[in-house]
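What follows is the residue order along each chain.
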Amino acid sequence: MKGTMAQPPRNQDSFLYGLNMPFIEELFQAYRQNPQSVSQDWQQFFQSLGPIIPGEDDHPPLRSKRLNTVSTHVAGQEPALAHQVTQEMLDSLRALMMIRTYRVRGHLIANLDPLGLERRNSHPEVDPAHYKFGPDDYDRPIFIDNVLGFEWATLRQILERLRSTYCNTVGVEFMHIQDPDQKAWIQEQVENTKPAERITDIERHKILSDLIRAESFERFLHVRFAGEKRFGLEGGESLIPAIEAILNKAAHQNINSIVFGMAHRGRLNILAHILEKPLHTIFAQFHHAENTPDLVYGSGDVKYHIGFSGNRHVAGQFMHLSVTSNPSHLEAINPVVLGKVRAKQSHSRDQEHNQTIALLIHGDAAFSGQGLAAETLELSGLKGYQTGGTIHFIINNQIGFTTSPPHSRSSPYSSDIAKAIQAPIFHVNGDDPEAVVWVAKLATEFRHRFAQDVVVDMVCYRRYGHNEIDEPSFTQPKMYKAIANHSTTRQIYTQKMVGKGLITEEEVKAIAGEYEAQLKQEYDHAMQAHGDTPEKEDWLNGVWSGVKYHKYPEEDEDTQTITGVSIEMLKEIGLKNLKIPEGFTIHPRIARQLELKRQNIKAGKDIDWATGEALAIGSLLLENNPVRLSGQDCSRGTFSQRHAVWVDQETEDKHVPLNHLKNGQALFQVVDSPLAEASVLGFEYGYSLASPHTLVMWEAQFGDFANGAQVIIDQFVASGEVKWLRLSGLVILLPHGYEGQGPEHTSGRLERFLQLCAESNMRVANCTTPANFFHILRRQIRGDTRKPLIVMTPKSLLRHPKAVSCLSDMGPQTSFQLVIPDPVITKAQRVILCSGKVYYELWEERDKQNIQNIAIIRLEQYYPFPHAKLLEVLRPFKEAEVIWCQEEPMNMGAWTFLDRRLEKVLHELGAKQTRPHYIGRPAAAATATGVLSRHIIEQQRLIGQALVKL
Ligand SMILES: Cc1ncc(C[n+]2csc(CCOP(=O)(O)OP(=O)(O)O)c2C)c(N)n1
Ligand SMILES: [Mg+2]
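**A look at the site of ligand 1**
Step number 1: Surrounding ligand 1, one finds 15 residues, the nearest of these being Arg-265, Ser-328, Asp-364, Ala-365 and Ala-366.
Step number 2: Asp-364 places a side-chain nitrogen or oxygen 2.5 Å from an oxygen atom of ligand 1.
Step number 3: Calculation on ligand 1 without its partners gives an accessible area of 580 Å², and the protein chains cover 75% of this total.
Step number 4: For the shell around ligand 1, the element with the most residues is helix α13 (residues 364-369), which contributes 3 residues.
Step number 5: Counted by class, the shell around ligand 1 contains 5 nonpolar, 8 polar and 2 charged residues.

This is the structure in structure tokens:
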């Protein structure tokens, strides 16, 4: 117990008396350890007892004796008065302690479960007996100093108020919040909003009509499309009035755009009733999409994954609402939605995060189970990722597929992970839609005031199995018996409304009848119409207009995008990027590097990798394209190569030179990310979805760690376009290369990306020159379409004296080179095809041995595979032996991807040898050895084999 919990002693002379001794002892204990931990009055009082005696703590009897002596002495002077005042004081103290405990623990005995299966009616700490109140104490007035709105109240009154506030159909968790304003605001709202002020009669009618629509819609689908999976909302229908309430409140806060992320459960209901997707379109998708595959672009996706967006009129203003398409992988959509929101906020210069917000709807099992949910929550307060607070809504149907909560999580609540970021959590009984709507409004207001995440945990149930064809009583027989006997939320609420005289049964029937007639009419429309299913409306509109969608054939990419810029511009960017502002104390080692780079820029040569990158970024900024780069430690760069942000050595002020090129330029956001992969990559992917003219890049610390984000790579980056018709120009930078740093600091797992390549879904490259890197980055924005780009980036090459370019390689009329021919050898008996860093090792060794008859040709982009370009470059070498040389083991790297593709090229060429030989490490389970000496031997061996004399 902390001294601050108790009220200060009002009358030192009379309150020290028998019963409160343990309490005072506890306070004294706290005071001994840290005098500041108790209030000033207590501090004074304990000081008055004399100095602390060393060792006294080890002798409680001694300490008690001392306190007792004082109390008896003081109290003994006026025993009757002392007793009375002490009793009052104690009542107050205990009552206040109990009130506080209800604020902390009241939710534990709240009436949250509509099925009543898990209700706990008691908890030792909320029992008055815990505070030594006995049966005779209930009707004595207690002074509680305006807490709960009472000056004086009896224990009975206090308990009644506490139970209706904290243990009814809302259980609120907020006492973990450290910000006093946030805590006080919630307390004020919860304790002092009178029930009548929570909800109006107009809202009650709206709730009922929303429930009628939500329920009728599911029932209609259930009957008309029996046996079809739809992951219905039955049991959780209060979601619809709650989201309506959020929209309404948000509209009053002038929010004009909400991005939704959600899973399967209740999605069609949300699309129909919240986004107002035409009902006949939804029905048509059930009907035609299955029968008419041609109507679906790309691979298509199941209906409970598909997104939708549109404008809606809410409370007198237009709101843009969009539900983001998502994969089955639960919670993976979270960071993607936040990235989209952040991009939209950047576009509308919504720095206060007050125009666009995120609303994430979760399942209970997924929210506690999926690490990505926790990772995403951690982004909420970070400068580079914050979006002004997300509203989280958990459809807590107390089950995940067939798994009950005790097997789902160790934490008491599904929502507990949100406490890590101090989000308030409103648990609410889904069968009390008024309470659900009220907390939804509170949550929306909280977000608006404090720009923080907030959680509504709606405890409800799932009327059917996991999907409608699943049998739930195999695994939860008791629960499903209870559900079978349980009235629907709409029935319960109708009774309530009728009971209050707010509506008649007939009126309710009429509303339902009208809506059912509408459903039927829309259904008939859908059954008659043909061919109107694909949702083309929001495809490449808005910020996407002007971007083209054309599928490149897999082997023939348009590489003619001119990405070079004028030499003057390159020099200007180059020099301004090195300019130290006046009064800025730069680290001396950086200053030396800058000087060297300055000379190179002026000379127009020896441009290193980081400079090539900076020139690409700077030139885009000057062309009015913002650039965003995030990743672990990316502002300095894992290899201390980038220094995109300088830190003043005296003040720690930051300077981003590329943001000082010229007035009115676009912004370079360079963000050091948290130590997470999936959430950060998901966020950047989301950003790229909403910002086609921003170069959005994510950099892994080492490429090896990218597989921590595999779900984002597989489910979004590689397949988002074909599943959902959503383009992304995201760039993934993966430091890669065999340099003896062990199995987890070596490989960006090129093979994984290459295996994902098809239908020209993305670009995969490993460039060898700063100029080519410059071009490939610029092509992401200057090209007329958008494809994700995966680049294996260098480590040692960052400082390799030969891995440099001239400014003229980036100058006018230059563009990305898919294949780089051998710069010197034009006639050869052997051609080594390779990619990335190994090129420089081969070149050095060839030079050393003065070999003249082996050409080394660099493949700079793997996919789309540059078939035509290779044909052209290999033409002079028809008679030569062809090998593919890679550093990676045979089962990794590009070999399996290239083997047959190269064969096809050689065959078409009419080459003497049509199958390339493989030179590289033998197949291996781990990417690389952890033993440096072994690495060196392996590396020498493969270089030697490739260059073995002919
Ligand atoms: C990452 C992931 N793992 C497993 C699944 C398979 N799966 C689909 S729904 C589901 C249960 C989800 O439970 P909950 O989050 O409580 O949502 P509910 O279906 O109850 O609404 C599971 C395990 C999945 N979709 N995604
Ligand atoms: Mg569930």
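On we go from here.
**Points about the confidence of the model for the protein**
Interpretation of the predicted coordinates at a detailed level should be avoided for regions scoring low in pLDDT.
Step number 1: In this model, the protein carries a mean pLDDT of 91, and residues with pLDDT of at least 70 account for 90%.
Step number 2: Confidence drops under pLDDT 50 across residues 1-19; counting only partners more than four residues distant or on other chains, this segment forms 57 contacts.
Step number 3: Below pLDDT 50 for its whole length, residues 73-77 participates in 8 contacts with residues either more than four positions away or in separate chains.

**Digging into the sheet that holds strand β10 (residues 454-459)**
Step number 1: The strand order across the open sheet formed by 8 strands is β3-β9-β10-β8-β7-β4-β6-β5, and the pairing between neighbours is mixed. The open sheet has two edge strands with one neighbour each: β3 (170-173) and β5 (308-314). On average, adjacent strands in this sheet sit at an angle of 20° to one another, irrespective of strand direction.
Step number 2: Both strand β9 (residues 425-429) and β10 contribute to a ladder of 5 bridges, which runs parallel. Among the inter-strand pairings, Asn-429 is bridged to a residue of β10, identified as Val-459.

**Some points on the sheet that holds strand β14 (residues 668-672)**
Step number 1: Pairing within the open sheet is mixed, and its 7 strands lie in the order β14-β11-β15-β16-β18-β17-β22. Both edges of this open sheet fall to β14 and β22 (861-863), since each of them pairs with a single strand only. For this sheet, the mean inter-axis angle between neighbouring strands, taken without regard to orientation, is 20°.
Step number 2: Taken together, the 2 bridges between strand β17 (residues 763-765) and β22 define a ladder with antiparallel strand orientation. Counted as the bridge partner of Ala-765 is Gln-861 from β22.
Step number 3: The strands that helix α22 (residues 609-622) touches are β11 (627-631), β14, β15 (695-699) and β16 (731-735); relative to β11, the one it contacts most, it runs at about 140°.
Step number 4: Against the sheet, helix α23 (residues 678-690) contacts β11, β14, β15 and β16, and its axis sits at roughly 170° relative to β15.

**Overview of the environment of Leu-620**
Step number 1: Position of Leu-620 among the secondary structure elements: in helix α22.
Step number 2: As for Leu-620 and His-693, which are separated by 73 residues in sequence, their C-alpha atoms are 9.7 Å apart.
Step number 3: Not counting residues within four places of it along the chain, the set of residues in contact with Leu-620 comprises Asn-625, Val-627, Leu-695, Arg-778, Ile-781 and Arg-782.

**Describing the nonpolar core**
Step number 1: Within the largest apolar cluster, 126 residues are counted, with the highest numbers of intra-cluster contacts made by Phe-668, Val-764, Tyr-862 and Trp-884.
Step number 2: Contacts of Val-764, omitting those with residues within four sequence positions, involve Leu-750, Phe-753, Leu-754, Cys-757, Ile-790, Gln-861, Tyr-862 and Tyr-863.
Step number 3: Formed by 99 residues, the second largest nonpolar core is a distinct cluster that contains Leu-96, Ile-207, Ile-282 and Val-508.

**Remarks on the packing of helix α8 (residues 201-224) against helix α18 (residues 489-499)**
Step number 1: Put simply, α8 and α18 touch, their axes get as near as 9 Å, and they point 150° apart. Considering their axes alone, α8 and α18 lie roughly antiparallel with respect to each other. α8 and α18 meet at a crossing whose hand is left-handed. Seen from α8, the contacting residues are Arg-204, His-205, Ile-207, Leu-208, Leu-211, Ile-212, Glu-215, Ser-216 and Arg-219; seen from α18, they are Thr-489, Arg-490, Tyr-493, Thr-494 and Met-497.
Step number 2: Taken together, the residues of the contact of α8 with α18 sort by class into 6 nonpolar, 4 polar and 4 charged.

**Considerations on the pattern of salt bridges**
Step number 1: For the coordinates displayed, the defined rule picks out 47 salt bridges.
Step number 2: In this structure, the salt-bridge partner of Arg-204 is Asp-201, at a minimum N-O distance of 2.8 Å. Residue Arg-204 and its partner Asp-201 are located together in helix α8, separated by 3 residues, close to a single helical turn.
Step number 3: Given a relative accessible area of 11%, Arg-204 falls into the buried group.
Step number 4: Where salt bridges share partners, they join Lys-206, Asp-210, Arg-213, Glu-244, Glu-276 and Arg-312 into one cluster.

**Here we look at the coordination of the magnesium ion (ligand 2)**
Step number 1: Distances from the magnesium ion (ligand 2) to its protein donors, Asp-364 (OD), Asn-397 (OD1) and Ile-399 (O), fall at 2.0 Å.
Step number 2: One chain supplies every donor to the magnesium ion (ligand 2), and in sequence these donors are spaced D-x32-N-x1-I.

**As for the packing of aromatic side chains**
Step number 1: All chains considered together, the criterion is met by 23 aromatic pairs.
Step number 2: Taken together, a centroid distance of 5.7 Å and an interplanar angle of 80° make the contact between Phe-220 and Tyr-523 edge-to-face. Of the two residues, Phe-220 sits in helix α8 while Tyr-523 sits in helix α19 (residues 505-528), which places them 303 residues apart along the sequence.
Step number 3: With a relative accessible area of 10%, Phe-220 lands in the buried category.
Step number 4: Judged by centre distance (5.0 Å) and plane angle (75°), the ring pair of Tyr-385 and Phe-683 falls under edge-to-face. Residue Tyr-385 is located in the loop between α14 (371-379) and β8 (390-396), and its partner Phe-683 is located in helix α23; the two are separated by 298 residues in the primary sequence.
Step number 5: Its relative accessible area of 2% is what places Tyr-385 among the buried residues.

**Some thoughts on the pairing of strand β21 (residues 854-859)**
Step number 1: Of all the 6 residues making up β21, 6 are buried; the element is thus mostly covered by neighbouring parts of the structure.
Step number 2: As defined by bridge partners, strand β19 (residues 819-820) adjoins β21 across 2 bridges and the pair is classed as antiparallel. Bridge pairing in β21 links Ile-820 to Arg-858.
Step number 3: Examined bridge by bridge, strand β20 (residues 830-834) and β21 share 5 bridges and lie parallel to one another. Within β21, the residue paired with Ile-832 across the bridge is Ile-856.
Step number 4: Since β20 and β21 lie parallel, the crossover through helix α28 (residues 838-849) that links them has a hand, and here it is right-handed.

So, how was this worked out
- Residues numbered from 1 in each chain as written.
- Chains lettered and ligands numbered in written order.
- Predicted model: local features only at pLDDT ≥ 70, side-chain atom pairs only at ≥ 80, totals over all residues.
- Heavy atoms only, no water.
- Near = heavy atom within 4 Å.
- Polar contact = N/O pair within 3.5 Å; in protein donor to acceptor, adjacent residues only side chain to side chain.
- Areas by Shrake-Rupley, 256 points an atom, 1.4 Å probe, with all protein chains shown as cover.
- Helix = DSSP H or I, 4+ residues; strand = E, 2+ residues; numbered from the N terminus.
- Nonpolar A, V, L, I, M, F, W, Y, C, P; charged D, E, K, R; others polar.
- pLDDT = per-residue confidence, 0-100.
- Contact = heavy atoms within 4.5 Å.
- Pairing = 2+ DSSP bridges.
- Axes fitted to C-alpha atoms, helices over the stretch in contact; angles between N-to-C directions.
- Core = buried A, V, L, I, M, F, W, Y, C linked by side-chain atoms within 4.5 Å.
- Buried < 20%, exposed > 50% of the residue type's maximum accessible area, 1.4 Å probe, protein only.
- Parallel < 35°, antiparallel > 145°, perpendicular 65-115°, else oblique.
- Left-handed = near helix turned anticlockwise from the far one by under 90°.
- Salt bridge = Lys/Arg side-chain N within 4 Å of Asp/Glu carboxyl O.
- Donors = N, O, S within 2.8 Å, 3.2 Å for Na, K, Ca; no water.
- Phe/Tyr/Trp six-rings, centres within 6.5 Å; stacked < 30°, edge-to-face > 60°.
- Right-handed = clockwise from strand over helix to strand, strands pointing away.

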